[in-house]
Amino acid sequence: MHQVPSSLFSDGTMPQPSPRDRLIVALDLADTAAAQAMVARLGDAVTFYKIGLELTYGGGLALARDLVAQGKQVFLDLKLHDIPNTVARATEQVAQIGATFLTIHAFPQTMKAAAGALGTSPMKLLAVTVMTSYDDADLAEAGYASGVKDLVARRARQAQAAGVHGLILSAEEVAAMRALLGPDMLLVTPGIRPAGAALADQKRVMTPAEAIRAGSDYLVVGRPVTQAADPKAAAAAIVAEIAGA
Ligand code: C5P
């Protein structure tokens, strides 16, 4: 089974996962049958899958267990946020599925509750600082005094202090967050488009090589793989680009 490295080398640095293990394919497909067919088609080219809210409510947790049983790593993008007791109990349940990554919203109570519930589980928590669909006007409307940039930095520091392992953030925020947080926070970036791939609804994108060079640890890629004419070749090309970055 592939595992996220969790121990330090003697010089204090983290061992890097292999280029193949740094690609996380988003299974944003209509149902679990379509997702399972895609996993079978991708075979050994992909080791790590993200299951989001839509598929979770359509049988995705059973699929997550299946993938873990097949030796795949699973990122459950559930964006937990509730009172601390509920977040803690839900985190324990997700850890038992064997997920590698779980997302939570970057509110201090939520992050402390989730981090405190991990116990001996190797699962890593990723915080969502500010949804990328929000701009300064959306935050003002929701009653926040700070703009996006300040709130992202504030919550990123709070995540690190709470014992959260990493952040999910757009590739264009990575370089600044790496400088702010240092080498040990995991930075996981969607919005990746290989050169020439369709943007679809993504507006601010980076190529796999650009995102890795900016400091991303893991890339989340959906449609450029799952809607490619040859998904396995598309995934292999991204892994080659990660390896060459
Ligand atoms: O198909 P595509 O590569 O655009 O998929 C990107 C994945 O990353 C989707 O699952 C999307 O929900 C997720 N994501 C994103 N932007 C964010 C956070 C998550 O695209 N800011």
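The preceding data block contains the structure.
Okay, so let's go over this structure. These numbers come from a predicted model, not from an experiment.

The number of helices and strands found in the protein is 10 helices and 8 strands. Against the 2.2 N^0.38 benchmark of 18 Å for 245 residues, the protein shows a C-alpha radius of gyration of 17 Å, consistent with a compact globule. Expressed along its principal axes, the backbone C-alpha trace of the protein runs to roughly 45 × 45 × 35 Å. Relative to its full complement of 245 residues, the protein shows a buried share of 50%. A sequence separation of at least 24 residues applies to 62% of the contacts in the protein between residues at least 6 apart. Considering the protein, the positive charge centre built from 21 side chains and the negative charge centre built from 23 side chains are found 3 Å apart.

On to the pairing of strand S8 (residues 218–221). The alternating pattern of S8 places Tyr218 and Val220 and Leu219 and Val221 on opposite faces, both of which are buried. Here strand S7 (residues 186–189) runs beside S8; their pairing, made up of 2 bridges, is parallel. Opposite Val188, over in S8, you have Tyr218 as the bridge partner. Considered for its hand, the β-α-β crossover made up of S7, helix H8 (residues 208–214) and S8 is right-handed.

Attention now moves to the sheet that holds strand S2 (residues 48–51). In sheet architecture, strand pairing relies on hydrogen bonds along the backbone and comes in two forms, parallel and antiparallel. Pairing is parallel around the closed barrel formed by 8 strands, whose spatial order is S1-S2-S3-S4-S5-S6-S7-S8. Geometrically, the sheet is characterised by an average inter-axis angle of 25° between neighbouring strands, direction not taken into account. Pairing geometry for strand S1 (residues 23–26) and S8, over 3 bridges, is parallel. Residue pairing across strands places Ile24 opposite Val220, the latter belonging to S8. Contacts from helix H7 (residues 171–181) reach strand S6 (166–168) and S7, with the element oriented near 175° to S7. Most of the contacts of helix H10 (residues 231–244) go to S1, to which it runs at about 150°, and overall it touches S1 and S8.

Turning our attention to the packing of aromatic side chains. The tally for this structure, following the rule as stated, stands at 4 aromatic pairs. Ring centres 5.2 Å apart and planes at 35° place the aromatic pair Phe48 and Phe101 in the tilted group. Highlighted residues: Phe48 in strand S2 and Phe101 in strand S4 (residues 101–105), separated in sequence by 53 residues. For the pair Phe48 and Phe101, one class covers both residues: buried. For the pair Phe75 and Phe101, a centre-to-centre distance of 5.8 Å together with 85° between the ring planes defines the contact as edge-to-face.

So, on to the site of the ligand. By nearness alone, every residue bordering the ligand is listed as Ala26, Asp28, Lys50, Thr132, Pro190, Arg193, Gln202, Val220, Val221, Gly222, Arg223 and Pro224. For the ligand, a nitrogen atom lies 2.7 Å from a polar atom in the side chain of Thr132. At 2.7 Å, a side-chain N or O of Arg223 approaches an oxygen atom of the ligand. Surface burial for the ligand is 79%, taken as the share of its 460 Å² of free accessible area covered by protein chains. If you list the elements that add at least two residues to the shell around the ligand, you get S8 and helix H9 (223–226).

All right, on to the nonpolar core then. For soluble globular proteins, nonpolar side chains are generally found buried alongside one another. Ranked by internal contacts, the top residues of the largest apolar core, which has 66 residues, are Leu23, Leu27, Leu76 and Leu167. For this core, the leading source of residues is helix H6 (residues 148–162), giving 6 residues. With near-sequence residues (within four places) excluded, Leu76 lies in contact with Ile51, Leu61, Ala64, Val94, Ile97, Ala99, Phe101, Leu102 and Thr103. Among the nonpolar cores identified, the runner-up in size contains 12 residues, and Ala26, Phe48, Phe75 and Val188 belong to it.

Let's shift gears to the pattern of salt bridges. Applying the stated criterion to the full structure yields 5 salt bridges. Between Asp77 and Lys50 there is a salt bridge, with its nearest N and O atoms 2.8 Å apart. Of the two residues, Asp77 sits in strand S3 (residues 73–80) while Lys50 sits in strand S2, which places them 27 residues apart along the sequence. By relative accessible area, which is 7% here, Asp77 ends up buried.

The subject of this paragraph is helix H1 (residues 32–42). Buried within H1 we find Ala35, Met38, Val39 and Leu42. On an axial view of H1, the arc spanned by its buried residues comes to 100°, and they lie on one face. Exposed side of H1, more than 90 degrees from the buried face: Ala33 and Ala40 are the residues found there. Looking at the packing, one finds that the buried side of H1 touches S1, S2, helix H2 (53–69), H9 and H10. Immediately beyond the C-terminal end of H1, within one or two residues, lies Gly43, with a positive phi of roughly 50°.

Parameters and conventions
- Within each chain, residue numbers correspond to sequence positions counted from 1 in written order.
- Note on the predicted model: pLDDT of at least 70 is required for a residue's local features to be given, and 80 or more for side-chain atom pairs to be given and counted; whole-chain, interface and lining totals, by contrast, use all residues.
- To get the side-chain values, take all heavy atoms of the structure and skip hydrogens and water.
- Going along the chain from the N terminus, every DSSP run of H or I of four or more residues is numbered as a helix, and every run of E of two or more is numbered as a strand.
- Each radius of gyration reported is based on C-alpha atoms, and the globular scaling rule is 2.2 Å times the count of residues to the power 0.38.
- Exposure is judged per residue with a 1.4 Å probe applied to protein chains only, and the accessible area is read against the type maximum: over 50% gives exposed, under 20% gives buried, and values in between give partly exposed.
- Residue contacts follow a heavy-atom distance rule, with two residues in contact if any of their heavy atoms lie within 4.5 Å.
- Within this scheme the basic residues Lys and Arg register as positive and the acidic residues Asp and Glu register as negative, but His and the chain ends are omitted.
- Charge positions are represented by NZ for Lys, CZ for Arg, CG for Asp and CD for Glu.
- Two strands are said to pair when DSSP picks up at least two bridges between them.
- The handedness of a crossover follows from its direction of travel: if, with the strands pointing away from the viewer, the path from the first strand over the helix to the second runs clockwise, the crossover is right-handed.
- Axis angles are defined between N-to-C directions and span 0 to 180 degrees, where every axis is a line fitted to C-alpha atoms and, for a helix, only to the segment in contact.
- Ring geometry is summarised as follows: Phe, Tyr and Trp rings, the Trp one being its six-membered ring, pair when their centres sit within 6.5 Å, and such pairs are stacked at plane angles under 30 degrees, edge-to-face over 60 and tilted between the two.
- Put simply, a residue is near a molecule or strand once any heavy atom of it comes within 4 Å of that molecule or strand.
- N or O atoms within 3.5 Å of each other form a polar contact, as long as, within protein, one can give a hydrogen and the other can take it, and as long as residues adjacent in sequence are counted only when both atoms are side-chain atoms.
- Surface accessibility follows the Shrake-Rupley procedure with a 1.4 Å probe radius. Residue values consider only the protein chains on display as shielding.
- Residues belong to a common nonpolar core when they are buried Ala, Val, Leu, Ile, Met, Phe, Trp, Tyr or Cys residues joined through side-chain atoms within 4.5 Å.
- The salt bridge criterion pairs a side-chain nitrogen of Lys or Arg with a carboxyl oxygen of Asp or Glu, the two atoms within 4 Å.
- Throughout, the arc means the angular range of directions from the helix axis out to the C-beta atoms.

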